[in-house]
Every structure is written in C-alpha cells, then in structure tokens.
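Descriptive structure summary
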Amino acid sequence: MGEVLLTIGGSDSSGGAGIQADIKTFAALGFHGASALTAATAQSTLGVRGVYPLATEAVAAQMEALFSDYEISAAKTGMLHSKEIVSKVAEYFEEGRIALVVDPVIAAEAGGQLLDSPALDLLCDRLIPLARVITPNIFEAEAIAGIKVSDEKSALEAGLAIIDLGAGAVVVTGGHLEGNDVLVTAEGHFVIRGERVAGGNHGVGCTYSAALTAYLARGMDLERAAGAAKRFAAASVKNSIDVGGGASPVNPFGEALKRAERYDVLTEVQRGVDLLCEQSAVRHLIPEVGSNLGMAISGASGSGDVAAVEGRMVRVGPRVKACGPVRFGASSHVARILLSAMCFDPWTRAGMNIRFGPDILESIRILGLSTSHFSREDEPPGTKTMSWGTAEAIKSFRLGPGFEAGSSQATGSVPKVVWDGGGVGKEPMIRLLGSSAGEVADLAVRIAGCIPPDGNL
C-alpha cells in the first residue's frame, strides 16, 4: 500500500484551510501529502481578500509530475475555482483507479466566494460522478442539490439528489446540524452522531475531508472512516490555535501532540523512579509517610494532568521501592504542589517530597541550592496546604534579597527547595522542584550523596 495522498486545491495564506490544512491532516495520520495547487488566496481568519487562480496548464503540469512519480493511495479535491480547472482535474480520475473524495468548496468559512457558477455546474456534471464520496456542508449541499437543508430529513433528501448525480456516497457534514453528519449511499443512510465542540473552526471542512481520505486509504469501510474523520475533525477544533481576529484555525496535530506529551511525561517519571530505586543512598531521603515523584504536562489544569507513582515510594531494606505504577492522577498531593508552582513558572513541572532533617538541609546548603519555606501556622482556613504553602514559599523567595525584581528571574524562577517545619499531626517536609522528573530525581541523588556521615534516618 502506498503512503502518498494527494490534495488538489487552493492555498490559504492564513495557514488554516486549503492545502495547508490537508497536508497537516495527512501528516498527522501518517501519510506523505502531495499537492497540486489550483489557486492562491489572500486571506486571513477574517475573510478572503483575493483569489488568484493558476493557469490550467500549471495545474495539469503539477498533476502530471506527481502521477508519473508517486503511487498515490487516494486523493481529494478542495477549491477548484474555475470550470477549466474542474475539467482538467476530472481527466485524471476518469479511469477510477484512485479513490477520490470531493470536498465541494464553494465559499470560505470566513467569507469569500471560491467557486464560480459555471464551475459548480461542471463539478456536478464531470467530477461528482467520479467521487467515491462527496463531503458538502449544508450550504454546499443546498447549492448542488437545489434543496433547502435545515434538518436531518432535508439533509437526506439533498444527499439522495447528489447520489442521483452519480456520486458513490455523500456525507452532509453536520457543523450546522447540531453536530450530526448524514451519510447517504444508494443502499441506505446513516446518521453519525456528534456534538458541537468549542473552538475555532477555520479549516474544519478541509480537515474532515482530508481525514476521511486518509482513513479510506487505510482500508476502512466508509461508515467507519466517516466516524473516525468526524472525531478527528472535532479534536482539531477542540485544539484550535487562538490566532487572528476571526475564526481560529483548527489544529490537526493537537490531539496527537497531547498524547505524545503524556507518553513522554510517563516515560520521564518512570526514568526518575528507576534512578531513585537504583541508588541505595536515596533511602535516607524517604520520610515516614513515603515519597512521591511527579511531573505535569505543559498547561496542566488538574491532577489528571500530573503523573506520579500510585501508592508512593517507600523504604524496603537497603533501597527504595515504588508501591505501584506511574500513572496520571495518582497523587493529588504532588499535583497541588506542581500546579501552584506552574502559576509562577510554567517550566517548573516536576517535584518530589523528601524527609526533613538537619542533615538533609546541610546537604542542600553544600550544594548551594536555592530554598524557601512556609509555616503551616500562617495557613488561612479553607485552603489546601500544598497549594497555599508552595505559593507562599515562592512569593517569599521572589521578594528575597537575592532576587532582582527587574531581572528575568522575576518572571519565572522558583526555588529548587521548598520546606516547612510541620504542624500538629503533620510531618515536616522538604519538596524538590525542577523542570523534569529526571532532573528532580538526579537532584535527590546528589542530595543523598552529600548527607554527612553522621546523618540519621
């Protein structure tokens, strides 16, 4: 099976839709994306200012070059602009060897006409009959079928009318139908349920049709591919990038990057835990209540975004042992520390609690680590100690004599060590902070290695 998908369409200078959205979607789903440009647009998130079509010969030359070199698994069309370009593109798919998805782009989401009337007529006559599936939104379905679309019933009627034009299947996308898509074939129809998600939608139609093309190229049947493409497009909207003054561009890589970062954080915490468990000296750092090592993803907003050891780490014989696996949401205690620290410095994403004692404080002093502390006696009622205490210690650190108010420290730095002397029924504790779990674990090993010979447990 080839790994190349082709998009034939217009360039969006804002980077949100058109071939830019298609190429990003193909790449996010594991394909190499090739493109044949039909027109350049001058547009932003606020609308289209101008459309500059390429000569038909230029479009044909691009396609000839690609088809002569690549084994193309599937293709999709977007903005074709003119009847001459529609006719030329149709020539390359008349043999029916390549699955073709037609996204009948008529107008830009932000406003602006992208397909003239003669071209729409030829699209219906020449290209739609060659399509394995066509993906109009309700306005495009209305323009093609001549039927007002306002609900699922009228979407089905429009879909059947487009099937009569020769399309293999039609998905009337449901961004304007309460989030539900209507998939229509000659054999029947399905409603693919969904919901409207918050986020920018610039490029969502292109992203959906490109994802559908990719899933069909992977061998999925049409109903399953349409469902997968819908979920992918919704995730791209949810992860949209807030730029510009209009509809924000969708982000096809958003969900994949989030999953990759969570995997990286899990791996990093496990690496730190392994390091701690390998070093026998670390056992001298473990408090009676146990210790934990945690790390947050960037932009963490809750304990579910912080990975730590389930059940903590404890002393077992001459070494440290993790009581459970590393997982997200394992420690609300560590999460509160890190979420509080990240309010001051988003790069302080990892932390670990260790035993409080004069021997460990001396080791910290020897290493020259920055420190700050808080007193539980000053804690206001109704607050969470770790959230409040961490913030108080950082504020105190930032007001200290060694901290320059106008320096880069003033916008980011936090101390490496935060400690408190305990309280009624509360064990005194030291917390180590850093940018990664590996950094914090290495810091703990260094502290353990500097504990004076007369240190005690």
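Just so it is clear, the model here is predicted, and its values are computed rather than measured.

Rules and cut-offs
Along each chain, the written sequence defines residue order, and numbers are assigned to residues from 1. Side-chain atom pairs in this predicted model are given and counted only at pLDDT of 80 or more, local residue features only at pLDDT of at least 70, and totals for whole chains, interfaces and linings cover all residues. The basis for every side-chain value is the complete set of heavy atoms in the structure, and neither hydrogens nor water enter the calculation. Secondary structure follows DSSP: runs of H or I at least 4 residues long count as helices, runs of E at least 2 residues long count as strands, and numbering of each begins at the N terminus. As a reference, a globule follows 2.2 Å times the number of residues to the power 0.38, and the radius of gyration itself is taken over C-alpha atoms. Any two residues having at least one pair of non-hydrogen atoms within 4.5 Å are treated as being in contact. Exposure categories follow from relative accessible area, calculated using a 1.4 Å probe and restricted to protein chains: below 20% of the type maximum is buried, above 50% is exposed, and the middle band is partly exposed. Taken from the helix axis, the directions to the C-beta atoms give the arc we talk about. Within 3.5 Å is the distance limit for a polar contact, defined as a pair of N or O atoms, with the added protein rule that one can donate a hydrogen and the other accept it, and that residues adjacent in sequence qualify only through two side-chain atoms. Paired strands, in this sense, are two strands between which DSSP finds at least two bridges. Under this scheme, a helix contributes an axis fitted over its contacting stretch, all axes are lines through C-alpha atoms, and angles between N-to-C directions fall in the 0 to 180 degree range. The pLDDT value tells you how sure the predictor is about a given residue, anywhere from 0 up to 100. Residue types Ala, Val, Leu, Ile, Met, Phe, Trp, Tyr and Cys, when buried and joined through side-chain atoms within 4.5 Å, form a set referred to as a nonpolar core.

Summing up its helical and strand segments, the protein chain has 13 helices and 18 strands in all. On C-alpha atoms alone, the protein chain measures out to a radius of gyration of 29 Å, which is more than a quarter above the 23 Å that the 2.2 N^0.38 rule sets for 457 residues. For the C-alpha atoms alone, the extent of the protein chain along its principal axes is close to 90 × 45 × 45 Å. Sequence-distant contacts in the protein chain: of pairs separated by 6 or more residues, those separated by 24 or more amount to 67%.

So, about helix H11 (residues 358–367). Three or more residues of H11 are buried, namely Asp 359, Ile 360, Ser 363 and Ile 364. The buried residues of H11 all sit within an arc of 140° when viewed along its axis, so they share a single face. Exposed residues on H11 whose side chains face more than 90 degrees from its buried face are Pro 358 and Arg 365. Those residues of H11 hidden inside the fold are in contact with strand E15 (350–355), strand E16 (371–374), strand E17 (417–420), strand E18 (429–434) and helix H13 (437–449).

If you trace the backbone, Asn 180 turns up in the loop between strand E7 (169–172) and strand E8 (181–185). By relative accessible area, Asn 180 is classed as buried at 9%. There is a polar contact of 3.4 Å between the side chain of Asn 180 and the side chain of Glu 152. Polar side-chain contacts of Asn 180 include one of 3.0 Å to the backbone nitrogen of Gly 194. Apart from the residues within four sequence positions on either side, Asn 180 is in contact with Glu 152, Val 172, Thr 173, Gly 174, Val 191, Ile 192, Arg 193, Gly 194 and Lys 230.

Once that is clear, we can look at the sheet that holds E18. Taken in spatial order, the 7 strands of this open sheet run E14-E11-E10-E15-E18-E17-E16, and their pairing is mixed. Every interior strand has two partners, whereas the edge strands, strand E14 (326–328) and E16, have only one. Here the average twist between neighbouring strands, direction ignored, is 20°. Across 6 bridges, E15 lies against E18 in antiparallel orientation. Across the sheet, residue Gly 351 finds its bridge partner in E18, namely Leu 433. Each of strand E10 (293–296), strand E11 (306–309), E15 and E18 is contacted by helix H10 (residues 332–342), which is oriented at about 45° to E10, the strand it contacts most. Docked against the sheet, H13 engages E10, E15 and E18, running at close to 130° with respect to E18.

A word on the side chain of Asn 292. By the element assignment, Asn 292 lies in the loop between helix H9 (254–278) and E10. On the accessibility criterion, Asn 292 (3% relative accessible area) is buried.

On average, residues of the protein chain score 91 in pLDDT, and 94% of them are at 70 or above. In this model, residues 404–411 is a region of pLDDT below 50 whose contacts with residues beyond four sequence positions or in other chains number 10 contacts.

Counting 54 residues, the largest nonpolar core has Leu 276, Leu 293, Leu 432 and Ile 447 as the members making the most contacts within it. Membership of the second largest hydrophobic core comes to 43 residues, among which are Leu 123, Ile 128, Ile 144 and Val 149.

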